[in-house]
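Working through the structure, step by step
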Amino acid sequence: MIESFKVVLVGDSNVGKTSIIQRYTKDSFDSGIEPTVGAHFMTRIIDLEEHGGSGRMKLQIWDTAGQEKYKSVTQIYYRDAAAAICVYDVTSQLSLDAAERWLDDLRRFSPPHTIIALAANKCDLFSQQEVSLEMGQDFKDKHEVPILQQTSAKENTGIEELFVRVAREIDRNREIIKQGSGTTVAKRSQASLASAEQFKKPDRTGCKC
Ligand SMILES: Nc1nc2c(ncn2[C@@H]2O[C@H](COP(=O)(O)OP(=O)(O)OP(=O)(O)O)[C@@H](O)[C@H]2O)c(=O)[nH]1
Ligand SMILES: [Mg+2]
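Residues numbered from 1 in each chain as written. Chains lettered and ligands numbered in written order. Predicted model: local features only at pLDDT ≥ 70, side-chain atom pairs only at ≥ 80, totals over all residues.

**Brief notes about the nonpolar core**
One finds V7, A83, A84, I85, C86, A117 and V166 to be the most contacted residues of the largest nonpolar core, which totals 52 residues. Elements with a minimum of two residues in this core: β1 (4-10), α1 (17-26), β3 (56-64), β4 (83-89), α3 (93-109), β5 (115-121), β6 (147-150) and α5 (159-172). Broken down by element, the residue count for this core peaks at seven residues, all from α3. Leaving out residues up to four positions away in the same chain, V166 has contacts with V7, A83, I85, I115, A117 and I147. (Core = buried A, V, L, I, M, F, W, Y, C linked by C-beta atoms within 7 Å. Buried ≥ 20, exposed ≤ 12 C-beta atoms within 10 Å, placed from the backbone. Helix = DSSP H or I, 4+ residues; strand = E, 2+ residues; numbered from the N terminus. Contact = placed C-beta atoms within 7 Å.)

Right, here's the structure in full:
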C-alpha cells in the first residue's frame, strides 16, 4: 500500500496556491480562477526512486483559503500535516510580510515534525517583482525554513521541483512523521522546536527559477 502524506498550502489570498496545486496535479492553469472558499485536497503519487529517494508516496495536497475571514478555519488543516508550503507572490511585498504571520501560525498549530517550505510564486512576472531572490533568501534564513523554491504556476517553472523537494524531506523523516501523525499541538515547546530543527536542514541546491 502506498503511504499517504498530507501537504497543506497556506499564504495570503491571490498568491497562487490553487494555481500551484492545479499545475502540479492537472498540469493546467486558469487566469480567471476564483478565490478559494473553505479547503479541499487533490492527490498525486510521486515516485521518489526517480529522485534519489525510496519508493512511492501519495501526496494529499490541501488547498486553503487565503482570505482573512477564513483564517480560523484554515488552522484546522495544519493538524497532522507532514509538510506545509507557505506561498508568497514575488510581485507583492505585502504577501511576504504576511508570510511571516502564516509561518507563526504554522509553527503554533502544526505538529513539531511538520516540514515547512516557502514558494516564491509568479516568478514569470519579472518586471513587476517587488521581492527579489535575495530578499526571499534572507527571509528563509531568518525564519530557518529549509526549502525556498521559486515557482511560476503559469509557466510551469519550479512546480515539480517544489513538490519533489518537499516529498524528499518527508521521505527522510517518514518514521518520525508516522509516529507523530494525528498529534495536535496548540503551541510548540522550545524542546520540540529544537528537535524539529534537527531535520529541517537547509537544502543546498538553491532556487531553480
Ligand atoms: N502571472 C502569474 N499569475 C499567477 C500565477 N499563479 C497564479 N496566478 C494568478 O494569480 C491569481 C490568484 O491565483 P490563485 O491560485 O487563485 O491564488 P490563491 O492563493 O489560491 O488565492 P485564494 O484562494 O484567495 O487564497 C489568479 O489570477 C491566477 O491566475 C503565476 O505563477 N504567474
Ligand atoms: Mg485559492
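**Considerations on the site of ligand 1**
S13, G16, P35, T36 and G66 are the nearest of the 22 residues found near ligand 1. The element contributing the most residues to the shell around ligand 1 is α1, with three residues. In terms of residue class, the shell around ligand 1 is made up of six nonpolar, 12 polar and four charged. (Near = placed C-beta within 6 Å. Nonpolar A, V, L, I, M, F, W, Y, C, P; charged D, E, K, R; others polar.)

**Quick notes on the sheet that holds β4**
Pairing in this open sheet of six strands is mixed, and the strands run β2-β3-β1-β4-β5-β6 from one edge to the other. What marks the edges here is a single partner per strand, and that holds for β2 (39-47) and β6. Shown here is a sheet whose adjacent strand axes are inclined to one another by a mean of 25°, direction ignored. As defined by bridge partners, β1 adjoins β4 across four bridges and the pair is classed as parallel. Bridge pairing in β4 links L9 to I85. α3 rests against β1, β4 and β5 of the sheet, and its axis sits at about 165° to β4. (Pairing = 2+ DSSP bridges. Axes fitted to C-alpha atoms, helices over the stretch in contact; angles between N-to-C directions.)

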